[in-house]
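So the chains spell out like this:
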Amino acid sequence: QVQLVESGGGLVQAGGSLRLSCAASGTVFSSSTMGWYRQAPGKQREWVATITSGGSTSYVDSVKGRFTVSRDNIKKMVYLQMNSLEPEDTAVYYCNLKRTTGVYAGADWWGRGTQVTVSS
């Protein structure tokens, strides 16, 4: 019903920028809440950012002012613009979709992740 594919990860120096993309399939994208999570080696998966179907955004404190999440409902894409990157941002970043309507309301779908490495 839903497939998510992340892209845009890579290696960047501290202070640099990356833009992650997530392409969604299916017909439920525009009504769904989208999010980004990350997981560093030896750590639990951490919530990073969320954007609702209405465009409201929220962020974990550690990335506020540096990261921006956005969405394009025509292209069925969600983005994470990451600026002023720090070595602590190094992790695998995952795209998340949460259904908000219908019989599957509340269900989660995940992409396979994309690696972000920040050097110093």
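Look up a bit, the structure's there.
These lines cover the structure that appears in this document, whether it is placed above or below. (Residues numbered from 1 in each chain as written. Predicted model: local features only at pLDDT ≥ 70, side-chain atom pairs only at ≥ 80, totals over all residues. Heavy atoms only, no water.)

Re the packing of aromatic side chains
Remark: the centre distance and the inter-plane angle together describe each pair of aromatic rings, the angle taken between the planes.
Step number 1: The tally for this structure, following the rule as stated, stands at one aromatic pair.
Step number 2: Relative to Trp-110, the ring of Tyr-37 lies with its centre 4.9 Å away and its plane at 65°, an arrangement referred to as edge-to-face. Taken together, the residues Tyr-37 in strand S4 (residues 33-39) and Trp-110 in strand S10 (residues 108-110) connect sequence positions 73 residues apart.
Step number 3: Residue class for Tyr-37 comes out partly exposed when judged on its relative accessible area of 21%.
Step number 4: Given a relative accessible area of 36%, Trp-110 falls into the partly exposed group.
Step number 5: Sitting above the plane of the Tyr-94 ring, Arg-45 keeps its charged end 3.8 Å from the centroid.
Step number 6: Just above the ring of Phe-29 sits the side chain of Arg-71; from NZ or CZ to the centre is 4.6 Å. (Phe/Tyr/Trp six-rings, centres within 6.5 Å; stacked < 30°, edge-to-face > 60°. Helix = DSSP H or I, 4+ residues; strand = E, 2+ residues; numbered from the N terminus. Buried < 20%, exposed > 50% of the residue type's maximum accessible area, 1.4 Å probe, protein only. Lys NZ or Arg CZ within 6 Å of the ring centre and 35° of its normal.)

Comments concerning the environment of Leu-97
Step number 1: Relative to the helices and strands, Leu-97 is located in strand S9 (residues 91-98).
Step number 2: Residues Leu-97 and Gly-111, 14 residues apart in the sequence, show an inter-C-alpha distance of 8.8 Å.
Step number 3: With residues up to four places along the chain from it excluded, the contact list for Leu-97 reads Val-2, Leu-4, Ser-32, Thr-33, Met-34, Ala-107, Asp-108 and Trp-109. (Contact = heavy atoms within 4.5 Å.)

So, the environment of Ser-120
Step number 1: Among the secondary structure elements, Ser-120 is positioned in the segment after strand S11 (114-119).
Step number 2: Under the relative-accessibility criterion, Ser-120 is labelled exposed at 87%.
Step number 3: For the pair Ser-120 and Leu-4, spaced 116 residues apart in sequence, the C-alpha to C-alpha distance is 31 Å.
Step number 4: Ignoring any residue separated from it by four or fewer positions in sequence, one finds Ser-120 in contact with Ala-14 and Pro-87.

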